[in-house]
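Structural overview
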Amino acid sequence: MKTAIYPGSFDPITLGHLNIIRRASGIFERVVVCIMKNAGKHSPMFTREERVEMARLVTQRYPNVEVTTFDGLIAEYARTFPEGAVIVKGLRANTDFENEFQMALINKKINPDLDTMFLTATQKYTFLSSSVVKELASYGADLSPFVPCEIIDDVMQRAAGNNP
Ligand code: PNS
């Protein structure tokens, strides 16, 4: 089976992301989490390198999952897999659907060999996003239901304005 590329900005990675990664790792032989730039999102909480490091930390229990980053179009990145690859995305709600449908069609236009497959979000994470996590962190809320425990301190510290 092909490699699955799971692209996103992951700023920071959440339990919703991790749920998609775990399920994709059970379906595909190889899952490549690709941390990318979202042109619509400015001033990330974490640098790209920090996000890669955090994603590696929380996915290390999955032997067929790797984390990387790419500066460019996902449709072009997919071409670097000679054996082929599909994009995997999580779908939470109607609002995701419109954006994701548009992105899938654009990616297919740029790279006709590239398909996008969607995993429906687990119900308990349908409300969850990195933006919600950042908002909650800024109020000092308990993040344990939302982000992997290994990175809670990093998110709380960054939200409090503590840079390394
Ligand atoms: O987690 P996000 O922010 O919703 O992820 C969006 C992301 C990073 C997957 C999307 O912006 C993306 O694919 N960026 C890479 C550049 C690209 O290929 N843009 C065209 C997509 S139509």
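An account of the accompanying structure is given in this report. (Residues numbered from 1 in each chain as written. Predicted model: local features only at pLDDT ≥ 70, side-chain atom pairs only at ≥ 80, totals over all residues. Heavy atoms only, no water.)

Concerning the environment of I35
Take I35: it is sitting in strand β2 (residues 31-35). A residue is classified by how much of its surface remains accessible, and I35, at 0% relative accessible area, is buried. A sequence separation of 16 residues divides I35 from R51, and the C-alpha atoms of the two residues are 7.4 Å apart. Setting aside anything within four residues of it in sequence, one finds I35 in contact with G8, S9, F10, R48, R51, V52, A55, V67, T68, T69 and F70. (Helix = DSSP H or I, 4+ residues; strand = E, 2+ residues; numbered from the N terminus. Buried < 20%, exposed > 50% of the residue type's maximum accessible area, 1.4 Å probe, protein only. Contact = heavy atoms within 4.5 Å.)

Some details on the side chain of S129
Note that S129 resides in the loop between β5 (116-120) and α5 (130-138). With a relative accessible area of 18%, S129 lands in the buried category. Of note is the side chain of S129, whose polar atom sits 3.1 Å from the backbone nitrogen of V132. Those residues in contact with S129 that sit more than four places away from it in its chain are T14 and R92. (Polar contact = N/O pair within 3.5 Å; in protein donor to acceptor, adjacent residues only side chain to side chain.)

What to know about the pattern of salt bridges
In this structure the tally under the stated criterion is 11 salt bridges. With a closest N to O distance of 2.9 Å, R158 and E50 form a salt bridge. Here R158, found in helix α6 (residues 152-159), pairs with E50, found in helix α2 (residues 48-59); they are 108 residues apart in sequence, far enough to count as distant. We classify R158 as buried; its relative accessible area is 15%. By sharing partners, the salt bridges in this structure join D11, R51 and K134 into a single network. (Salt bridge = Lys/Arg side-chain N within 4 Å of Asp/Glu carboxyl O.)

Observations regarding unusual backbone geometry
In this model, D11 is joined to P12 through a cis peptide bond whose omega is 0°. Here P12 lies in the loop between β1 (3-8) and α1 (15-27). If you check the backbone angles, F10 has positive phi at about 50° while not being a glycine. You can see F10 is positioned in the loop between β1 and α1. The phi angle at S43 is positive, at roughly 45°, despite the residue not being glycine. Here S43 shows up in the loop between β2 and α2. S43 sits in the exposed class, given a relative accessible area of 69%.

Some details on the packing of aromatic side chains
Considering all chains together, one arrives at 5 aromatic pairs under this definition. Here the aromatic rings of F97 and F101 are separated by 5.2 Å at their centres, their planes lie at 20°, and the arrangement is stacked. Remark: F101 and F97 occur in helix α4 (residues 94-110); sequence separation between them is 4 residues, near one turn of the helix. When its relative accessible area of 41% is taken as the criterion, F97 is described as partly exposed. Both rings, one in F127 and one in F146, keep their centres 6.1 Å apart while their planes meet at 85°; by these two values the pair is edge-to-face. Within this pair, whereas F127 is found in the loop between β5 and α5, its partner F146 is found in the loop between α5 and α6, the two being separated by 19 residues in sequence. Assessed through its relative accessible area of 15%, F146 is described here as buried. An aromatic cluster is built from F70, Y77 and F81, whose rings are joined through pairwise contacts. (Phe/Tyr/Trp six-rings, centres within 6.5 Å; stacked < 30°, edge-to-face > 60°.)

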